[in-house]
Amino acid sequence: MAERVFLHVGTPKTGTSAFQHALFTHRDHLAEQGVLYPAERFDAHFLAALDLMQLPWGGLEREAAGAWERLAAEVRQWPGTAMVSHEILGRASRQQVARALESLGDAEVHVILSARDLARQLPAEWQENIKHRRTIHYADFLAAVRDESRSMEIVQWFWSVQELPDVLARWGDTLAPEQVHVITVPPYGAPHDVLGRRFAAAFGIDVGMLATRDRANASLGVAESALVRQLNERLELVLPNHHYRQFVREGLVHQNLGTHRESARLTLPPPMHAWAAERSREWVEELARKGYDVVGALEDLLPDEVAPDFVDPDAADPGQVVQAALRALSASVQESARLRDVEVHLHADIADLMRQLDEAHSTRLYRAKERFVAAADRSVLARAGLGAYRRLRGRNSRST
């Protein structure tokens, strides 16, 4: 039975992809130190989260069936410390949280929430929706976020995983405050290793494991975001999801447009920045009253007092959008050429194999075998001889 379990339940856009990549990459090294990261595949904890919350997810929920219990069973059988991490767990209801905690047996559970200030989370959330083929304009998204009815689906999702006091209450109300940990993302412009050191401190692992940034989630600028949103409008009814994931989200966004930003950083308009700052102050006061363990500083969750320069992605500079489009087109042409070369080589390999097969079929020995097999259909003696030959051949192959 695991003695202690760290449950990292969010939030999205707080370095979670890079952190999970590091844990998965170093899981064997962690196991040698008595720490379990139970994952045979990179998305194992994502599938377990889908299963726990019974979330529909483009058909992946069928693949996820039973994933949480398999993960929990592995944790229960581990004799040391175990870690579970996925940002969508922040959405879990109190009933789902209770099921999750109960499934981990008698282990001492620590809930960890990584958090970033609301003024950076809001643009990041809109951008993440754009990368998942949404077409909503930025202004419409921000207006929906402020709408108290929270009637829009993507807004409901946003608040379910980003409203810090609520997420921590659902996951931490049955735990002692010292078993609930908040990792704060440092302010914009801080040294790049600060967040990794905070993760390492919260989980008690070697900070060297977190040096890799290979799975850092791509961040787009204003022009790149505008381009992808407009592309989504054109592809909405003509491109299946599996092709969108491969060619747009992975190929275009993660491997090209997101590798280096060439346009202005996405920020909030000043009135929205002021609103986010006020909401953040309320959250910080609530978290301070709860007495949670904070790795970093709660002040990191307060947006800058002065709103940064704002460039509207709904009215992005056409020239910059064209430049982003040219980069995207260049990457698409290169990828098409690469796939064409693969296809040509594959056809050549198939043709060579067919030629070798034809040559093998044209030998006297092969034709004699064909006649013998055909005769077995008509002659009892030939059929018995063929059976004896196959049995002898099988024994010989096993002996070698």
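The structure under discussion appears in the preceding block.
Residues numbered from 1 in each chain as written. Predicted model: local features only at pLDDT ≥ 70, side-chain atom pairs only at ≥ 80, totals over all residues. Heavy atoms only, no water.

Caption draft 1: A look at the overall build of the protein chain. Along the protein chain, the regular secondary structure elements total 17 helices and six strands. The buried share among the 400 residues of the protein chain stands at 46%. By sequence separation, contacts in the protein chain at least 24 residues apart represent 77% of the contacts at least 6 residues apart. As presented, the protein chain carries roughly 21,200 Å² of accessible surface, and 53% of it is formed by carbon and sulfur atoms. (Helix = DSSP H or I, 4+ residues; strand = E, 2+ residues; numbered from the N terminus. Buried < 20%, exposed > 50% of the residue type's maximum accessible area, 1.4 Å probe, protein only. Contact = heavy atoms within 4.5 Å. Areas by Shrake-Rupley, 256 points an atom, 1.4 Å probe, with all protein chains shown as cover.)

Caption draft 2: Molecular detail of the layout of surface pockets. In this structure, the second largest pocket occupies an estimated 680 Å³ of space. Taken together, 25 residues line the second largest pocket, and the ones lying closest to its centre are L231, F247, L252, A328 and S332. Broken down by secondary-structure element, the contributors of at least two residues to the lining of the second largest pocket are α12 (222–235), α13 (241–257) and α15 (318–361). Here the lining of the second largest pocket takes eleven residues from α15, the largest share from any one element. The residue inventory of the lining of the second largest pocket, partitioned by class, reads 14 nonpolar, seven polar and four charged. (1 Å grid on protein atoms, 1.4 Å probe; cavity = no way out; pocket = protein on both sides within 12 Å on 5 of 7 lines; lining within 4 Å. Points joined across faces, edges and corners; volume = space filled by probe spheres on them. Nonpolar A, V, L, I, M, F, W, Y, C, P; charged D, E, K, R; others polar.)

Caption draft 3: Here's a closer look at a nonpolar patch on the surface. A surface patch of nonpolar side chains, amounting to about 360 Å² of accessible area, comprises V322, L326, L329 and V333. Of note, V322 is situated in helix α15. (Patch = residues over 30% accessible without salt bridge, like charges linked within 9 Å, V, L, I, M, F, W, Y side chains within 5 Å. Salt bridge = Lys/Arg side-chain N within 4 Å of Asp/Glu carboxyl O.)

This is a description of form; function is not addressed.
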